[in-house]
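Listed below, chain by chain, are the residues.
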Amino acid sequence: WYFYSKQQDETPAWKKVNYQNVYKDIADLLEDENYDDGSYGPVFVRLAWHASGTYDKKTHTGGSGGATIRHAPESEHGANAGLDVARRRLEPLKQKYRNISYGDLYTLAGVVAVQELGGPTVQWRPGRSDLQADACTPDGRLPDAAQGADHVRDIFYRMGFDDREIAALVGAHALGRCHTYRSGFDGPWNASPTAFTNFFYTELLNNTWVPKKWDGPKQFVDKQSGAFMMLPADMAFKTDPRFRTYIELYARDQDTFFNDFSAAFAKLLELGVKFPEDAPTYRFKPLD
Ligand code: HIF
């Protein structure tokens, strides 16, 4: 009996979690008519990406593996403003599924959000193990929205992405909005911020974008209605010729966008993570 229970104790924590159940519970947390546009999905996607996008392929530091985004000073980096809202929303699931790591929870939340808001399915693996605050990455690893194509390339090449992957990822800016009290910028990118679509590309190409007249940071609004926005970094995808080729492709071909986004987003969530050898890869079915 002793031998038996000892064996059970040695099961790694990540193997004791039913991830399909976690998926369902995250999906249940998405909707809230009193929050933003009615869904936590967009801010879950942003959390998953900011947890992962600190990766530096040269030093093999950063990435979602340690979930250091939950610790100060990383949690307080300017780029992460507002993500405490997403972490707090997910915290009850960490309490319910004690054996899940924060890194797995935050990245899975991004996958659930993309899928349940109508995007492509995204492969995902468990097995991240959390690190403490001393593993926090330095400030400045996430992109600065006020800058252009060179900066965007510097940041994403550092993670190991190429131009096509970067152009595919940026389609996620179909989701959600900018909040003046978080980033200083203001407004949604299109009229359906809780649906995963290729509208980032169609809006970017089909509208005339003019500088917003206000006291805030430089951003663009569509000339016709003034209701939608683009960051200076978003505009770079229209003006940079190499990015623009892909923007045009994804604007006319939603299937190719979905396939490329799915692969690039799965890669993002795994950057720098050392998975256990026997970690299975899941492709969860969207709920009905
Ligand atoms: Fe974002 N992004 N992102 N982003 N982002 C914001 C919001 C979201 C950049 C800046 C901002 C990606 C790339 C870049 C999402 C997802 C992704 C905001 C507004 C800023 C300033 C934050 C706020 O005020 O609440 C820059 C400069 C990027 C490099 C081009 C990724 C590809 C698009 C990697 C990505 O997946 C999502 C979703 C949101 C909406 C969050 C919300 O709360 O609604």
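Calculation criteria
- Residues numbered from 1 in each chain as written.
- Predicted model: local features only at pLDDT ≥ 70, side-chain atom pairs only at ≥ 80, totals over all residues.
- Heavy atoms only, no water.
- Near = heavy atom within 4 Å.
- Polar contact = N/O pair within 3.5 Å; in protein donor to acceptor, adjacent residues only side chain to side chain.
- Helix = DSSP H or I, 4+ residues; strand = E, 2+ residues; numbered from the N terminus.
- Nonpolar A, V, L, I, M, F, W, Y, C, P; charged D, E, K, R; others polar.
- Donors = N, O, S within 2.8 Å, 3.2 Å for Na, K, Ca; no water.
- Salt bridge = Lys/Arg side-chain N within 4 Å of Asp/Glu carboxyl O.
- Domains from an automatic or database assignment.
- Contact = heavy atoms within 4.5 Å.
- Buried area = accessible area lost by both parts, 1.4 Å probe.
- Phe/Tyr/Trp six-rings, centres within 6.5 Å; stacked < 30°, edge-to-face > 60°.
- Buried < 20%, exposed > 50% of the residue type's maximum accessible area, 1.4 Å probe, protein only.
- Lys NZ or Arg CZ within 6 Å of the ring centre and 35° of its normal.
- Axes fitted to C-alpha atoms, helices over the stretch in contact; angles between N-to-C directions.
- Parallel < 35°, antiparallel > 145°, perpendicular 65-115°, else oblique.
- Left-handed = near helix turned anticlockwise from the far one by under 90°.

**So, the site of the ligand**
Okay, step 1: If you check the shell around the ligand, you find 23 residues, and the closest are Trp49, His173, Arg177, His179 and Ser183.
Okay, step 2: Trp49 is positioned with one of its side-chain polar atoms (N or O) 3.1 Å from a nitrogen atom of the ligand.
Okay, step 3: Broken down by secondary-structure element, the contributors of at least two residues to the shell around the ligand are helix 3 (41-52) and strand 1 (177-178).
Okay, step 4: In terms of residue count, the dominant contributor to the shell around the ligand is helix 3 (five residues).
Okay, step 5: In terms of residue class, the shell around the ligand is made up of 16 nonpolar, four polar and three charged.

**With respect to the coordination of the iron atom of the ligand**
Okay, step 1: In this structure, the iron atom of the ligand receives exactly one donor atom from the protein: His173 (NE2), at 2.1 Å.
Okay, step 2: Here His173 is to be found in the loop between helix 7 (163-169) and strand 1.

**A closer look at the pattern of salt bridges**
Okay, step 1: Overall, the coordinates contain 15 salt bridges when judged by the stated rule.
Okay, step 2: Taking the shortest distance from any N to any O, the salt bridge between Asp186 and Lys212 comes out at 4.0 Å. Highlighted residues: Asp186 in the loop between strand 1 and strand 2 (187-188) and Lys212 in the loop between strand 3 (209-211) and strand 4 (220-222), separated in sequence by 26 residues.

**What to know about the domain arrangement of the protein chain**
Okay, step 1: As assigned here, the protein chain comprises domain 1 (2-141 + 265-270) and domain 2 (149-264).
Okay, step 2: Centre-to-centre, using C-alpha coordinates, domain 1 lies 24 Å away from domain 2.
Okay, step 3: Domain 1 puts 30 residues into the contact, and the matching count from domain 2 is 24 residues.
Okay, step 4: For domain 1, the biggest contributors to the area lost against domain 2 are Asp37, Phe265 and Lys267; these three give 25% of the whole.
Okay, step 5: In this assembly, domain 1 and domain 2 are joined by two salt bridges.

**Let's talk about the packing of aromatic side chains**
Okay, step 1: Considering all chains together, one arrives at 22 aromatic pairs under this definition.
Okay, step 2: With 5.6 Å between their ring centres and 85° between their planes, Phe200 and Tyr201 make a pair best called edge-to-face.
Okay, step 3: On the accessibility criterion, Tyr201 (0% relative accessible area) is buried.
Okay, step 4: Each ring, one from Phe237 and one from Phe243, has its centre 4.5 Å from the other, and the planes form 35°; the classification is tilted. As far as the burial class goes, Phe237 and Phe243 line up, both buried.
Okay, step 5: An aromatic cluster of three or more residues is present, and its members are Phe196, Phe200, Tyr201, Tyr250, Phe257, Phe258, Phe261 and Phe265.
Okay, step 6: Here the guanidinium or amino end of Lys94 rests over the ring plane of Tyr102, the centre of that ring lying 4.9 Å away.
Okay, step 7: Lying over the aromatic face of Trp214, Lys212 brings its terminal NZ or CZ to 4.9 Å of the ring centre.

**Notes on the packing of helix 3 against helix 11 (residues 254-270)**
Okay, step 1: With their axes 7 Å apart at the nearest point, helix 3 and helix 11 run at an angle of 55° to one another. Put simply, helix 3 runs oblique to helix 11. Between helix 3 and helix 11 lies a crossing of left-handed hand. Facing helix 3, whose interface residues are Val45, Ala48, Trp49 and Ser52, helix 11 presents Phe265, Leu268 and Leu269.
Okay, step 2: For the contact of helix 3 with helix 11, a count of residues per class yields six nonpolar, one polar and no charged.

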